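# A look at the structure
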Amino acid sequence: MDIEQRKQAGMAPRVQYVLQSIHFIVAGEQAEVNELHDSERNNQECYELIFIMSGTGQGKCYLRSPGSLLSFDQELMSCSHYRVCFTTGDCMTASSLIPDKDELVCSPFAKMIELLDELYSLRGASDELELFQRFVRFQELLLFLFRQNAPTSEDKGTDVDQQGVELSIQHIHQYYRELLTVEELASLAGIDRWKYTRLFKEATGQVPLQYLNEVRINQAKKWLISADDKLLDIALNAGFNNEYYFNRRFKQTVGMSPGQYRRSRKGQLRVVAPYLEDFIVALDMQPIAQYSHAKWGKQDYLGLNHIPTFDENGGNFDTISSYKPDLILLMDRYEQQQYSQCRRISNTCILRDQTNNWRTLLRTVADYFGRTELADDAIAKYDFKARSASHTLSQMMKGETVAFLRISADHIIQYTDEGQGFVSTVLYGDVGLHSHAAVGIFSKANRPGMFNLSVDDLHKLNADHLFITFDKWHSQAEGKERELLQRPEWLDLPAVRHNRVYEVDFLTWMNNGIISNSKKIDDILRSLA
């Protein structure tokens, strides 16, 4: 079955894209000798993607075909960059998806760097699940590039229906102020209405009226930020019939009213966001009140000592009303009664999507406040910092193992590289340290990668380095959680005997925000480098 037959049958092409190698070269340093040999050999056998980073979230991507050469400006090559080599598997013919140009479009560049960082962390994968994860992430990376660098309709002779849909999309962007119907758009495209809606959704991911509404809302956002026009004037200019409908649609789409959106862009929005303060501060904002816990205290690492606190763990949010917030932003982790309390106080937004990926969460929060560019820039700076730290530590650690322990009066919990939580993703993922194997028992009450240790289990903990933090949750008396440090089982640990135990702040390491993770890297470098 040839490619055309496979297309007609709805089957994917047989071409397989196989990752051969990935290298990260830090600015100002030479690549390893074996990397250079790999590059010379791959020059004849592989495609090579080169991602050059400026360290500010910007960068360029180049594609070199087998047997060809690329010339780079010396200033660009002095930047840190990734080199990714891949082949088309057993297929002798390259896929038509591979762009036929040297410099590729790659936007947002920060998203590409996330995929590259994950691929790089998996370069030494050995077990089946990690190998599969690496395979999937590499296909995502190529899909990200192929989509943005596909030939235009003029290049490949797009069929009449697709041209019609594209014409109607252009019409929406030009005449969004006017009354537009699906029938009118379908007629303009020259496509039957029933067929038009399906083709439009395939092209945009939305039905026509959803797309039209989004275009109108995006235009309204621009005017809310740049002008002081009345809301009615903005509503009419964006294509809405009246201010009431505009307010309702805007709030449904954005999560807050147009007036609140305007104040948020001017730094005037009064926000309460319990346990999301890390993200608020990272977006160059300040909450009007901050999370606090009876046992754990507040997030001192954020430097919000002048901001009043409220007891988030108490379960009663009525006290927030005294701060007169314009917006309460909540994780989807509370009881319905608490959400009802907050809605009675002020406009309340709930982040329904549960994710352990702090980058995704930061972008979600940033979208509420129109600060996505600031989020992308912060992520890019963090990723650059993590890559540099990983490179530094790989030269120093030489395979030495690291363990992280959370110690309370009643429990010892070890975090391993099997987890995807706030500790493991930085310690073993972002900076690439080698995790000591689990020595305790996995508990269903814990997240993956967290193991309960008894004092008797400690004799198996022969990690070269230990990071520890103290949890006061179970302490009935001051300092109860530290009594373990006087036990002979603890004093006999290799890391203790060699003075390689590093205590870190509890809430800094038990948080999963960009600021806390950046401070984790600082702690790691301060302890190990």
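Predicted model only: the values in this text are computed from it and were never measured.

Calculation rules
Residues numbered from 1 in each chain as written. Predicted model: local features only at pLDDT ≥ 70, side-chain atom pairs only at ≥ 80, totals over all residues. Heavy atoms only, no water. pLDDT = per-residue confidence, 0-100. Contact = heavy atoms within 4.5 Å. Pairing = 2+ DSSP bridges. Helix = DSSP H or I, 4+ residues; strand = E, 2+ residues; numbered from the N terminus. Salt bridge = Lys/Arg side-chain N within 4 Å of Asp/Glu carboxyl O. Buried < 20%, exposed > 50% of the residue type's maximum accessible area, 1.4 Å probe, protein only. Core = buried A, V, L, I, M, F, W, Y, C linked by side-chain atoms within 4.5 Å. 1 Å grid on protein atoms, 1.4 Å probe; cavity = no way out; pocket = protein on both sides within 12 Å on 5 of 7 lines; lining within 4 Å. Points joined across faces, edges and corners; volume = space filled by probe spheres on them. Nonpolar A, V, L, I, M, F, W, Y, C, P; charged D, E, K, R; others polar.

## Some details on the confidence of the model for the protein chain
- When pLDDT is averaged along the protein chain, the result is 84, and 88% of the positions lie at 70 or above.
- Contacts for the low-pLDDT stretch residues 31–40, under 50 throughout, to residues beyond four places or in other chains number seven contacts.
- Taken together, the stretch residues 153–157 has pLDDT below 50 and engages in three contacts with residues farther than four places along the chain or on a different chain.

## A closer look at the sheet that holds strand 10 (residues 347–351)
- In spatial order, the strands read 6-9-10; together these three strands make up an open sheet with parallel pairing. In this open sheet, the two strands that pair with only one neighbour each are strand 6 (271–272) and strand 10.

## Topic: the pattern of salt bridges
- Counted by the stated rule, this structure contains 21 salt bridges.
- The residue Arg363 makes a salt bridge to Asp376 at a minimum N-O spacing of 2.9 Å. Here Arg363, found in helix 16 (residues 358–368), pairs with Asp376, found in helix 17 (residues 372–397); they are 13 residues apart in sequence, far enough to count as distant.
- Accessibility expressed as a relative area gives 22% for Asp376, which makes it partly exposed.
- A salt bridge links Lys480 to Glu483, with the shortest nitrogen-to-oxygen separation between them at 3.5 Å.
- The exposure class of Lys480 is partly exposed, given its relative accessible area of 37%.
- Classification of Glu483 as partly exposed rests on a relative accessible area of 43%.
- Shared partners join several salt bridges into a network, and the residues in it are Glu48, Arg64 and Arg83.

## Some points on the nonpolar core
- The biggest cluster of nonpolar side chains holds 87 residues, and the ones touching the most others in it are Phe369, Phe404, Leu427, Leu433, Phe467 and Ile524.
- Aside from chain neighbours lying at most four places away, what touches Leu433 is Leu393, Met397, Val402, Leu427, Tyr428, Ile524 and Leu528.
- One finds Tyr47, Cys61, Leu119 and Phe146 within the second-largest nonpolar core, a separate group that totals 29 residues.

## Brief notes about the layout of surface pockets
- By volume, the largest pocket is sized at about 1600 Å³.
- As for the largest pocket, its lining consists of 49 residues, of which Glu118, Ser121, Tyr428, Gly429 and Asp430 are closest to the centre.
- Every element with two or more residues in the lining of the largest pocket is listed here: helix 4 (109–121), helix 5 (128–148), helix 16, helix 17, helix 18 (424–430) and strand 13 (434–435).
- Looking at the lining of the largest pocket residue by residue, the classes come out as 13 nonpolar, 18 polar and 18 charged.
- The volume enclosed by the second largest pocket comes to roughly 1000 Å³.
- Around the second largest pocket, the lining comprises 37 residues; the ones closest to its centre are Tyr275, Arg333, Phe422, Arg447 and Met510.
- Those elements that place two or more of their residues in the lining of the second largest pocket are helix 16, strand 12 (412–415) and strand 15 (450–453).
- Looking at the lining of the second largest pocket residue by residue, the class counts come to 16 nonpolar, 16 polar and five charged.

## Observations regarding the pairing of strand 12
- Along strand 12, one buried face is formed by Ile412 and Gln414 and the opposite face, lined by Ile413 and Tyr415, is buried too.
- Summarising the sheet, strand 11 (residues 401–407) and strand 12 pair through four bridges and their orientation is antiparallel. Directly across from Ile407, in strand 12, lies its bridge partner Ile412.
- Connecting strand 11 to the antiparallel partner strand 12 that follows it, the hairpin turn spans four residues.
- Of the pairings in the sheet, the one linking strand 12 to strand 15 comprises four bridges and is antiparallel in character. Of the residues in strand 15, the one forming a bridge with Tyr415 is Met450.

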